[in-house]
Amino acid sequence: MPKPTATITVNAKDKKVERIKRFLELSDYEVKVIVDPKATDTLVTVGTTPLKNPTLAQIAAALDLLLPRKRSAYDLVVIGGGPAGLAAAINARSLYDLTTLVIEQYAPGGTAATAVNQIDNYLGFDEGIAAEDLCHRAVLQAKKFGAEWLPSYSVSAFKPSDDPKTTKHEITATNPDDPNAPVSVTASLVLLATGLVPRKLTQPTAAAFEDEGVYYYALPADAEGVTAKDTILVIGGGDSAGRAALMFSAKGAKVVMLIRKTLTTDMLKVISDQITADKNITVVEGTEAKEFKAATGPNAKLTVTTTKSASYTVAAVYALISADPRTKWIEDAGITVVRKDPADPAGLVATGLDIFYDDIRNGTFDSKKHANELKHLTDMGTNKPGVFAAGDVRFRAERRIATAAGEGTEAALSMHNFLKANPKVLDAEVGRAAPAYYLA
Ligand SMILES: Cc1cc2nc3c(=O)[nH]c(=O)nc-3n(C[C@H](O)[C@H](O)[C@H](O)COP(=O)(O)OP(=O)(O)OC[C@H]3O[C@@H](n4cnc5c(N)ncnc54)[C@H](O)[C@@H]3O)c2cc1C
């Protein structure tokens with residue numbers, strides 16, 4: 001089925017237009033940008049009525065993707081609208097009838113919606129499915145079951161309750177388009193499903209080009225306008241970088257890959273083999289980008305010099321160099337995160353036995369001292385009662401779409417078990433009778 005279209009009319013392209021365009025693309029729209037030097041406003045048309053200088057929240061409402069927020073107290077607030085958060089919301093609504101709000105700082109679907117590749121191993125899709133299509137279906141499914149949505153709001157403050165009998169967690173979210181009007185809600189249960197944030201280039205000259213030549217995601221839409229005349233620089237040696245290189249090469253572009261180690265150090269063999277066989281892709285190993293400068297001319301946006309003194313004039317740079325959790329606000333709220341694991345980035349949320357990670361590793365864990373906490377421990381539960389974590393942000397997550405969705409589903413089940421043990425939590429908070437099975 002063809003995608004619905006959206007049109008953005010602007011007098012000049014800038015970062016704000018780019019942000020709106022990506023938001024629409026991630027919401028499964030085909031986007032046309034019309035540059036009209038006479039235009040005095042940014043007009044975004046998703047249906048028939050143009051929206052004048054809209055915020056992302058207004059565009060989201062016009063798209064009618066999920067149900068708008070209706071209340072200020074919920075059974076469950078899900079923070080993060082990726083596969084983990086959406087799976088939890090779908091299960092919490094469809095199986096357990098929990099009033100559910102999903103707060104998403106950008107577009108629904110999370111990182112998965114930006115994954116460049118077709119997913120061939122997702123259960124039930126015998127011909128494979130593009131990650132963005134999978135996420136879009138999940139959004140429609142969450143809406144069908146009545147999950148509500150607060151899009152383009154980022155949770156910045158969180159006050160979890162310590163009392164399992166009367167959990168009333170307080171959550172505040174802000175919108176960069178309207179920073180003076182934060183939204184505050186309460187919830188009996190909270191799911192932290194905030195995923196990871198792409199790591200940015202540290203070279204000072206790269207910052208000026210962010211979203212204007214230097215990108216930290218490679219979307220299928222990015223490859224649409226690419227031609228054989230373009231050279232694309234991909235920085236990174238992981239699977240994502242490899243897949244991006246293959247995606248641009250498939251459009252005929254010349255691709256240069258800058259890899260700090262070697263092609264095979266961190267990449268799946270099935271991807272590195274395709275890259276080795278691809279004549280459009282040049283792999284430069286043992287090197288890093290050093291400096292970024294503007295370039296002029298057709299198909300030239302910037303020139304990048306490397307630590308090996310080579311220089312490349314390219315149409316765009318895609319830096320896909322790992323990702324980190326952004327969990328300071330979660331840690332500040334008293335949720336335990338793991339800081340010292342040698343294999344994982346610091347700051348992933350601890351669940352289950354990992355809430356005692358440091359003690360267990362140091363050999364000082366005392367099970368008698370923690371007997372009460374151990375009694376209530378669940379795989380997806382954090383150290384605060386009624387607060388759960390799932391997906392990439394969780395320590396020990398496998399960081400795949402299918403596992404994130406599985407963890408979201410498992411988190412919903414853990415919440416159900418928590419509610420069975422603490423049935424008063426629900427009706428006290430939302431002001432309606434809890435479903436009978438929680439009180440049984
Ligand atoms: C380029 C790339 C390619 C990939 N390819 C594959 C693949 O082929 N197969 C595969 O299985 N996996 C792939 N992955 C991994 C996969 O995308 C992740 O494992 C999966 O998306 C994790 O889901 P999640 O719900 O935990 O987090 P995410 O998908 O990251 O979603 C988290 C959401 O939380 C939101 N958020 C964060 N902080 C806040 C806040 N404070 N307030 C509100 N919202 C917030 C974010 O905006 C985001 O939408 C790929 C990842 C990348 C980057």
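For clarity, every value in this text was computed on a predicted model and none was experimentally measured.

(A) Focus on helix H8 (residues 269–277). Every buried residue of H8 is accounted for by Ile-271, Ser-272 and Ile-275. Burial along H8 is one-sided: seen end-on, the buried residues are contained in an arc of 95 degrees. Facing away from the buried side of H8 by more than 90 degrees, the exposed set consists of Lys-269, Val-270, Thr-276 and Ala-277. Of the surrounding elements, those touching the buried residues of H8 are helix H6 (239–250), strand S17 (254–259), helix H7 (263–266) and strand S18 (281–285).

(B) Expanded view of the environment of Tyr-122. With respect to the helices and strands, Tyr-122 occurs in the loop between strand S8 (118–119) and strand S9 (129–130). Residue Tyr-122 is classed as partly exposed on the basis of its relative accessible area, which comes to 22%. Spatially, the C-alpha atom of Tyr-122 lies 25 Å from that of Thr-264, the residues being 142 residues apart in sequence. Ignoring sequence-local partners within four residues, the contact set of Tyr-122 consists of Leu-134, Ile-401, Ala-402 and Ala-405.

(C) Representation of the packing of H6 against H8 in the model. Two numbers describe how H6 lies on H8: the axes approach to 10 Å, and their chain directions differ by 35 degrees. For the element pair H6 and H8, the recorded crossing hand is left-handed. Between H6 and H8, the residues in contact are Asp-239, Gly-242, Arg-243 and Leu-246 and Ile-271, Gln-274 and Ile-275, respectively. Split into classes, the residues belonging to the contact of H6 with H8 amount to 3 nonpolar, 2 polar and 2 charged.

(D) Broad picture of the environment of Ala-208. Among the secondary structure elements, Ala-208 is positioned in the loop between strand S14 (197–198) and strand S15 (214–215). Expressed as a C-alpha distance, the spacing of Ala-208 and Asn-417, which sit 209 residues apart in the sequence, is 49 Å.

(E) Spotlight on the pairing of strand S12 (residues 169–174). Only one face of S12 is buried: it carries His-169, Ile-171 and Ala-173, and the other face, with Glu-170, Thr-172 and Thr-174, is open. Across 5 bridges, the pairing between strand S11 (residues 154–159) and S12 is antiparallel. Each bridged residue has a counterpart across the sheet, and for Lys-159 the counterpart in S12 is Glu-170.

(F) Structural view of the nonpolar core. Counting residues in hydrophobic clusters, the biggest one holds 58 residues, and the most contacted among them are Ile-8, Leu-24, Ile-59, Leu-63, Leu-189 and Leu-191. Here this core takes 7 residues from helix H12 (residues 401–421), the largest share from any one element. Two domains each donate at least three residues to this core, and these are domain 1 (5–63) and domain 2 (67–198 + 326–439). Once residues within four sequence positions are removed from consideration, Leu-191 is found in contact with Leu-76, Val-77, Val-78, Ile-79, Ala-84, Gly-85, Ala-88, Phe-388, Ala-389, Ala-390, Ala-411 and Met-415.

(G) Just the sheet that holds strand S20 (residues 302–306), in detail. Strand order across the open sheet formed by 3 strands is S19-S20-S21, with antiparallel pairing between neighbours. In this open sheet, the two strands that pair with only one neighbour each are strand S19 (289–294) and strand S21 (311–314). The average undirected angle you get between the axes of adjacent strands in this sheet is 20 degrees. Of the strand pairs in this sheet, S19 and S20 are connected by 5 bridges, and their pairing is antiparallel. Bridge pairing in S20 places Lys-293 opposite Thr-303.

(H) Inspection of the sheet that holds S15 at higher detail. Strand order across the open sheet formed by 5 strands is S15-S22-S16-S17-S18, with parallel pairing between neighbours. Edge strands, defined here as strands with exactly one partner in the open sheet, are S15 and S18. The pairing of strand S16 (residues 231–235) with strand S22 (residues 316–319) spans 4 bridges and is classified as parallel. From the neighbouring strand, Ile-235 faces S22, where its bridge partner is Ala-319.

(I) Main features of helix H1 (residues 15–26). Here H1 contains 12 residues, and its C-alpha end-to-end distance of 16 Å stays within 8% of the 16 Å for a straight helix at 1.5 Å per residue. The set of residues buried in H1 consists of Val-17, Glu-18, Ile-20, Arg-22, Phe-23, Leu-24, Glu-25 and Leu-26. Within two residues after H1, Asp-28 carries a phi angle of roughly 75 degrees, on the positive side.

(J) The arrangement of the domain arrangement of the protein chain in detail. Domain assignment breaks the protein chain into domain 1 (5–63), domain 2 (67–198 + 326–439) and domain 3 (204–321). A separation of 34 Å is found between the C-alpha centroids of domain 2 and domain 3. In this complex, domain 2 contributes 8 residues to the contact, which on the side of domain 3 involves 8 residues. Approximately 750 Å² of surface area, both sides summed, lies buried where domain 2 meets domain 3, with 62% of it carried by carbon and sulfur atoms. Counting every contact that joins domain 2 to domain 3 gives 0 salt bridges.

(K) Focus on the packing of helix H3 (residues 83–94) against H12. Contact pair H3 / H12: the axes reach a minimum separation of 7 Å and the direction vectors enclose 35 degrees. As for the relative orientation of H3 and H12, their crossing is right-handed in sense. Taken together, the residues of H12 that come into contact with H3 (itself represented by Pro-83, Ala-84, Ala-87, Ala-88, Asn-91 and Ala-92) are Ile-401, Ala-404, Ala-405, Gly-408, Thr-409 and Ala-412. Split into classes, the residues belonging to the contact of H3 with H12 amount to 9 nonpolar, 3 polar and no charged.

(L) How the structure looks around unusual backbone geometry. Notably, Asp-97 is not glycine yet its phi reads approximately 60 degrees, a positive angle. By secondary structure assignment, the location of Asp-97 is in the loop between H3 and strand S7 (100–104). Residue Asp-97 is classed as partly exposed on the basis of its relative accessible area, which comes to 40%. Even without being a glycine, Ser-152 presents a positive backbone phi close to 55 degrees. Mapped onto the elements of the fold, Ser-152 is located in the loop between strand S10 (148–151) and S11.

(M) The arrangement of the environment of Lys-328 in detail. Locating Lys-328 in the fold gives a position in helix H9 (residues 328–332). Under the relative-accessibility criterion, Lys-328 is labelled exposed at 58%. Separated by 172 residues in sequence, Lys-328 and Ser-156 have C-alpha atoms that sit 9.6 Å apart.

Reading guide: rules and limits
Residues numbered from 1 in each chain as written. Predicted model: local features only at pLDDT ≥ 70, side-chain atom pairs only at ≥ 80, totals over all residues. Heavy atoms only, no water. Buried < 20%, exposed > 50% of the residue type's maximum accessible area, 1.4 Å probe, protein only. Helix = DSSP H or I, 4+ residues; strand = E, 2+ residues; numbered from the N terminus. Arc of directions from axis to C-beta. Contact = heavy atoms within 4.5 Å. Axes fitted to C-alpha atoms, helices over the stretch in contact; angles between N-to-C directions. Left-handed = near helix turned anticlockwise from the far one by under 90°. Nonpolar A, V, L, I, M, F, W, Y, C, P; charged D, E, K, R; others polar. Pairing = 2+ DSSP bridges. Core = buried A, V, L, I, M, F, W, Y, C linked by side-chain atoms within 4.5 Å. Domains from an automatic or database assignment. Expected span 1.5 Å × (residues − 1). Buried area = accessible area lost by both parts, 1.4 Å probe. Salt bridge = Lys/Arg side-chain N within 4 Å of Asp/Glu carboxyl O.

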